[in-house]
Amino acid sequence: MRIAVFGGTGRTGRQVVTQALAAGHEVRVLVRSEDSARRLGRHDRLTAVVGTFEQPGPVEAVVRGTGAVISTLGATVEGPTTVCTDGVRAILAAMGRQGVRRLLVLSAHGVADSHDRSPYVVAVWALRGHRMRDKETMEELIRAADIDATIVRLPALTEGPRTGRYRTGTGVAIPITGSIRRADVADFLLGAAVTGSYRSQTPRILASAGRRGFRSPAGVAPSAVVRAPLTGRIALVTGATGGMGSVIATDLARRGATVVLTARTERAGREAARAVVAGTGNPRVEVLPLDLADQDSIRSAAAQFHDRHHALHVLVNNAGAHIAERRLTGEGIEMNLAVNHLGWFLLTNLLLDTLRSSAPARIVNVASQAIADARAITWLGRPRPARIDLDDLQSERAFHPMAAYAQAKLAMVMGTYHLARHLEGTGVTVNALHPGLVATGILRGFGIPRPLQPLLIHASRPFLATPEDGARTAIQLATSPDLAGVTGQYFVSGKPARSPEASYNRNLQEALWTASEHLTRLAPGWRPKDPVTRPLPGPATDHTPDRGAT
């Protein structure tokens, strides 16, 4: 069998190459230089291709004609690194072009939802957060790709005696001392590459070392996902350059939809689009410049969409932001309100006629369970649900970051209910959801002092939902045949849930809708001095909030 190995010059990679050659396989390896090739040694069945991941030609030459691809990529330096992410992105693109389906990747214990939330995992994230994030992003790309993939997560690797037995399964509790020889890692990777016995439709934890027992793999295997085809359909996803948005856009593209993803910068948009195309093989992925804090940008984005398309079947309003300081947009609107409520409100209204004419169509709004408890510290005392104050929508009298954020998300949910009634009988549904507290860039906006952000954010990641987990309900609402006629609902963990009681007040919904029309200049006769838009101080010019999926 011909096997492609990436990371073949590292210690684990060299072990894979050595054992593959000893077993009679043909091996191709990507190396950075002729010196690296010489260090691998000479063998009749070994081909070393000189190149880098920035060069598609050499990567394709390694992948071409192989039965499986093995990646043992990893960083050997401290500090920020994207070696695994960049490498796997190039590998997936080459596999897609060459029609190679089987990929086996070495990851690390503690990535994303791996095993448990032990002190060991927290410590690893705190000390090696950059490496762990690189592995985590790598896994996100693989999960989104339409291939037969196996992700192997391990505790420490050792050159010494074997300290635990190699097994398969999930839900593993691994002791801190758990470790395994590189030779055993190579055995497992080669066995999976040759036999395919560890493949699954959804990549999952398949290998670990430890002394404790494992549950039966059959008992934890993922159920098959029913993928509703979206060929010929057009979907627009806001905030699609990272985290949940990327997962949602990739899933819709994999189902065959033409996906329009929004991005604040052209560069970020191009990178996100390339990742979706590489992961799905669907070339129908477009970028739409959009800044939800700028109403002119929203109007321009809607106009550009209408220039390109005459239909829209799925609109996922995923983008959101938590801004810890009171800042104003160019229109003089408080940032939390502008990005988390008025942004989706204006964009959706500008696209509403197209959605109606494209029915059946769906609108999915990503809100937040902060609406149920707007306190910054939630583990003491009673929950304090968010509230709408029409006389102070912009938090002029008193600004509290979480309260402002929660009010904006509550406004989104109430707008969802109002719009659902307005669209009854049109074939367009609209629902809102809480994705869970997801490990995305939005965490940087929660008032954490800048010097402490890297440590605290990385330390908290093991306790947070993955972007895949967070995206699950949004994808369900956007695609599930079972929800085709469901509208005007708020979902948590894939099921309908109650939002705060005040959100069901129809008079308040109507008043909020009117206020939102005024603030977005959609209402006729709008005047800057209307009660809901009292004059504000001049707009801030230095705002740089971190925006991502909620």
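First things first, this report covers the structure right here in the doc. Remember, predicted model here, so these are calculated numbers, not experimental data. (Residues numbered from 1 in each chain as written. Predicted model: local features only at pLDDT ≥ 70, side-chain atom pairs only at ≥ 80, totals over all residues. Heavy atoms only, no water.)

This part is about the overall build of the protein chain. What the protein chain contains, in helices and strands, is 16 helices and 20 strands. Looking at the protein chain residue by residue over its 550 residues, the buried ones come to 56%. Carbon together with sulfur atoms contributes 52% to the accessible area of the protein chain, which is approximately 23300 Å² in total. (Helix = DSSP H or I, 4+ residues; strand = E, 2+ residues; numbered from the N terminus. Buried < 20%, exposed > 50% of the residue type's maximum accessible area, 1.4 Å probe, protein only. Areas by Shrake-Rupley, 256 points an atom, 1.4 Å probe, with all protein chains shown as cover.)

With that out of the way, let us pick up unusual backbone geometry. Residues apart from glycine generally show negative phi values, whereas peptide bonds are mostly found in trans. Ala-359 connects to Pro-360 through a cis peptide bond whose omega is 5°. Structurally, Pro-360 can be placed in the loop between α12 (335-357) and β16 (361-366). In this structure, Ser-395 is a non-glycine residue whose phi angle is positive, near 55°. Within the fold, Ser-395 resides in the loop between β16 and α13 (401-422). With relative accessibility at 7%, the residue Ser-395 sits in the buried group.

Before going further, it helps to spend a moment on the pattern of salt bridges. Inspection of the entire model under this criterion finds 15 salt bridges. Between Arg-133 and Glu-140 there is a salt bridge whose closest N-O contact spans 3.4 Å. With its nearest N and O atoms 2.8 Å apart, the salt bridge here joins Asp-389 to Arg-397. Residue class for Asp-389 comes out buried when judged on its relative accessible area of 16%. (Salt bridge = Lys/Arg side-chain N within 4 Å of Asp/Glu carboxyl O.)

One open sheet accounts for six strands, arranged β3-β2-β1-β4-β5-β6; its pairing is parallel. Of all strands in the sheet, those with a lone pairing partner are β3 (46-50) and β6 (148-152), marking the two edges. With direction set aside, neighbouring strand axes in the sheet form an average angle of 20°. Here strand β1 (residues 2-6) pairs with strand β2 (residues 26-31) via four bridges, running parallel. (Pairing = 2+ DSSP bridges. Axes fitted to C-alpha atoms, helices over the stretch in contact; angles between N-to-C directions.)

Let us now look at the nonpolar core. Residues Leu-236 and Ile-363 are the most contacted members of the largest nonpolar core, which totals 59 residues. For this core, the leading source of residues is α12, giving twelve residues. Leaving out residues up to four positions away in the same chain, Ile-363 has contacts with Leu-315, Asn-317, Thr-348, Leu-352, Leu-355, Leu-419, Leu-423, Val-428, Thr-429, Val-430 and Asn-431. (Core = buried A, V, L, I, M, F, W, Y, C linked by side-chain atoms within 4.5 Å. Contact = heavy atoms within 4.5 Å.)

The subject of this paragraph is the pairing of strand β17 (residues 428-434). Within β17, seven of the seven residues are buried, which leaves the element mostly enclosed by the surrounding structure. Burial of β17 is two-sided: the residues Val-428, Val-430, Ala-432 and His-434 facing one way and the residues Thr-429, Asn-431 and Leu-433 facing the other way are all buried. By the bridge criterion, six bridges tie β16 to β17 in an arrangement that is parallel. Counterpart to Arg-362 in the pairing with β17 is Thr-429. In this structure, β17 lies alongside strand β18 (residues 490-492), joined through three bridges in parallel fashion. Within the sheet, the bridge partner assigned to His-434 lies in β18 and is Val-492.

Purely spatial values, then, with no claim about function.
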